[in-house]
Amino acid sequence: MGDFMRQRSKRQEDNGLGSVLDVLLANARLIDRATSPRDEGDPKAEQKTLEESWQDLTLIKTAPKPTKKQRREDLSEPLLSPARPPAPEPQVCSAPPEPPRVESIPPRCLTLQEKLLSHYSSRLAVPEVEASLALQLARSICTQLQRFLRSKCPELPFGNLFLSGTLLDGLGALAADHIHLMLPVVLDTTLWSLIPGEDTVVRNPQYWMIKRTDLDYFPRGCSPWDRFIVGRYLSSNVLNETLHKLLVASINWPAIGSLLGSIIHPVVASQELKLEVKHDQVELSITLFPVVEMEGKVLLAAPPEGLVENLWLESFYRAEVSKVKELDAGDAGARQHCLRVLNGICKSHPTLHKLCGSPLTHVILHLSATSSDWAEESLAERFQEVLEELVGYLEQGVLPSYFNHRINLFCELLEEEIDEMGFMLYRAISEPELLLKEK
């Protein structure tokens, strides 16, 4: 490598000296021609002299400039001054001057705050027209179903059906495509009592059992819900199976759909009580949940998969939404905005979709106890802090419920799922843009 560089330097010096000699010789030839008398009788000689002069001028113009290593005082002054360009001829009518060329400015790098806001406005905000139409369809179906249950099952004291879900509360809907329909099951509290999940076979504090009491004094048949008892407990499975048969076989959904300008059909193969609604402008999925409100608890007929059929899942959704909005109202915070972005990202991500909903809400509620600055301009900081908190909870495999620390919201996740989520979020802490890319 050293020999290669020395030879390359020597060639550059030789070329520089040769170029200087060429310039001096060219100048000398021009001066000689300029001082020599012309043969006026020989036009060809005059033409040849001019051609040779232009060649020499060209040689002077194209001679390479001295390298930076050479000093200007080492070179002889040129014998001819460089020719000046001719002055422009005056024009009577001149075209307007061309506008100055503006060099293209490279795009500014967006901050994480700007990327989060752009991501939300471009991908997560549900169009108002779609949301309004979806809610209108859901309310109409709710009314029709309420009428059917009262006429078909007048002996069962169902309460008034009502809608629920992120589309109504604005905390995570990506599209106007899913709504929950809550069916209250009204119980006589003198005939029923709650058994904590820790005292059941599943040992899970998030599930409860509803026990029939005082059968000696109030035998079966005293409560209209006794027909759904299995082993002295109100069975969520039996109730769901009965409602599933009604939805599939007893309701004239084609007639109701025609009335509403849509096509409605129940999902037969699903364990859930689900309706699929197709309209010209929206496609909507409605899931029906029987719900018991008792002793300050909200219990859903959503038992875990398996052989246990009498369990009711405690839902904190109503308390979650209420608490987040209460905190934001107290300090003009951006918790709801942060939650919408996180829910949207996780719901559409193949690895993180099981984190959307309650887990994210509870992390934000936990974080609100230690991070007081939830202003809109701090959205990016809080977003990254939520990611860090999630990684910490995943490392432990435990996310305690904000409302009941005995409940682990990660208890139903597989170890492989926890590892994959933790690795993905760990990478996103240093590069949050990974979560904003198209999936």
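Residues numbered from 1 in each chain as written. Predicted model: local features only at pLDDT ≥ 70, side-chain atom pairs only at ≥ 80, totals over all residues. Heavy atoms only, no water.

Mind laying out the pattern of salt bridges, listing which residues take part and the relevant values?
Applying the stated criterion across every chain, the model contains 11 salt bridges. For the salt bridge of Arg406 with Glu198, the shortest nitrogen-to-oxygen distance reads 2.7 Å. Of this pair, Arg406 sits in the loop between helix H11 (379-396) and helix H12 (415-430) while Glu198 sits in the loop between strand S3 (192-195) and strand S4 (207-212); the two residues are 208 residues apart in sequence, bridging distant segments of the chain. Taking the relative accessible area as the measure of exposure, Glu198 reaches 25% and is therefore partly exposed. Salt-bridge contacts for Arg335 lead to Asp331; the nearest nitrogen and oxygen are separated by 2.8 Å. In this structure Arg335 comes out as buried when scored by relative accessible area, which is 3%. When salt bridges with common partners are traced through the structure, they connect Asp328, Asp331 and Arg335 into a single cluster. (Salt bridge = Lys/Arg side-chain N within 4 Å of Asp/Glu carboxyl O. Helix = DSSP H or I, 4+ residues; strand = E, 2+ residues; numbered from the N terminus. Buried < 20%, exposed > 50% of the residue type's maximum accessible area, 1.4 Å probe, protein only.)

An account of the environment of Ser401 is requested, with residue identities and associated values reported.
Secondary-structure assignment places Ser401 in the loop between H11 and H12. Taking the relative accessible area as the measure of exposure, Ser401 reaches 0% and is therefore buried. Linking Ser401 and His366, residues 35 residues apart in sequence, is a C-alpha distance of 8.9 Å. Discounting residues that sit within four places of it in the chain, Ser401 has contacts with Phe316, His362, His366, Ile407 and Leu409. A polar atom in the side chain of Ser401 sits 3.2 Å from the backbone nitrogen of Phe403. (Contact = heavy atoms within 4.5 Å. Polar contact = N/O pair within 3.5 Å; in protein donor to acceptor, adjacent residues only side chain to side chain.)

Tell me about the pairing of strand S11 (residues 311-314), residues and numbers included.
Neither face of S11 is exposed, since Leu311 and Leu313 on one face and Trp312 and Glu314 on the opposite face are all buried. Of the strand pairs in this sheet, S4 and S11 are connected by 3 bridges, and their pairing is antiparallel. Residue pairing for S11: Trp208 is matched across the bridge by Trp312. Taken together, the 2 bridges between strand S10 (residues 297-300) and S11 define a ladder with antiparallel strand orientation. Looking across to S11, one finds that Leu299 is bridged to Glu314. (Pairing = 2+ DSSP bridges.)

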